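Analysis of the macromolecular model
Chain by chain, the residues:
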Amino acid sequence: MTKELIELRVNGRKYELATEPNALLLDVLRQDLQLTGSKRGCDDSSCGACTVLVDGVPTLSCTMLALSCASDERGAPEVTTVEGIAEHGALAAIQKAYGDWGGAQCGYCTPGFMVTVKALLDNNPEPTDEDIRGALSGNLCRCTGYTQMYQAIKAAIAAEVSSTSRTK
Ligand code: FES
Ligand code: FES
């Protein structure tokens, strides 16, 4: 298949690359851009391990064409992977809390969870338990039983709330 030259915006950087029109965003991120945080965990859009943000919206990169994120006359959407959620060179609150609370075991699902939590907190800094469960309903973990993960998420929320109130 003939390759097309496309431009993507990922984690604040522009990338120009030649790719097949049917290439999936997940494969382009992992293979062409070497951003291997996002994972393929299923074949049927059911696990969320491949989740990235497209203009801030959690999106399954295993079912999205890279071409759909390419620059056109309106510009390109911003794709954010787990490699891009650190803030000003420091771990994002959810990254730190995962470490503190043992939110990951094998870690395969972790990047998808982290970007989903980031989107949740960006839009709703003080989510309820129901909001958290709703936001994470498309992300599956086969290891943790979810308890430590929820503790980590709650700790990240508390950290964000306290840093926001300190800056007021
Ligand atoms: S790899 Fe499972 S939803 Fe994308
Ligand atoms: S930590 Fe292993 S799948 Fe979630």
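Just so it is clear, the model here is predicted, and its values are computed rather than measured.

**Some thoughts on unusual backbone geometry**
Although it is not a glycine, Gln-34 sits at a positive phi angle of roughly 60°. As for its placement among the helices and strands, Gln-34 is situated in the loop between α1 (25-32) and β3 (51-54). Using a count of 8 C-beta atoms within 10 Å as the deciding quantity, one classes Gln-34 as exposed.

**Let's talk about the pairing of strand β1 (residues 4-10)**
Where β1 and strand β2 (residues 13-19) come together, seven bridges link them in antiparallel fashion. By the bridge assignment for β2, Val-10 is matched with Arg-13. Taking the residues between adjacent antiparallel strands as the criterion, β1 and β2 are bridged by two residues, where Asn-11 takes a positive phi near 50°. Relative to strand β5 (residues 78-80), β1 runs parallel, the two sharing two bridges. Opposite Val-10, over in β5, you have Val-79 as the bridge partner.

**Quick notes on the domain arrangement of the protein chain**
For an interface, size is often stated in terms of accessible area lost upon the parts coming together. On domain assignment, one finds that the protein chain holds domain 1 (4-84) and domain 2 (93-167). With centres defined by C-alpha atoms, the gap from domain 1 to domain 2 works out at 22 Å. In terms of residue count, β3 provides more of the side of domain 1 that touches domain 2 than any other element does, three residues in total. Of the residues contributing to the side of domain 1 that touches domain 2, the split by class is eight nonpolar, eight polar and one charged.

**Brief notes about the sheet that holds strand β4 (residues 57-60)**
The five strands are arranged β2-β1-β5-β3-β4 in an open sheet whose pairing can be described as mixed. Strands with a single pairing partner mark the edges of an open sheet, and in this sheet they are β2 and β4. For this sheet, the mean angle separating the axes of adjacent strands, direction not counted, is 40°. Relative to β4, β3 runs antiparallel, the two being bridged by four bridges. Paired with Thr-51 across the bridge in β4 is Leu-60. Sitting on the sheet, helix α3 (residues 110-123) is in contact with β3, β4 and β5, with an inclination near 35° to β3.

Reading the values: the criteria
Residues numbered from 1 in each chain as written. Chains lettered and ligands numbered in written order. Predicted model: local features only at pLDDT ≥ 70, side-chain atom pairs only at ≥ 80, totals over all residues. Helix = DSSP H or I, 4+ residues; strand = E, 2+ residues; numbered from the N terminus. Buried ≥ 20, exposed ≤ 12 C-beta atoms within 10 Å, placed from the backbone. Pairing = 2+ DSSP bridges. Domains from an automatic or database assignment. Nonpolar A, V, L, I, M, F, W, Y, C, P; charged D, E, K, R; others polar. Axes fitted to C-alpha atoms, helices over the stretch in contact; angles between N-to-C directions. Contact = placed C-beta atoms within 7 Å.

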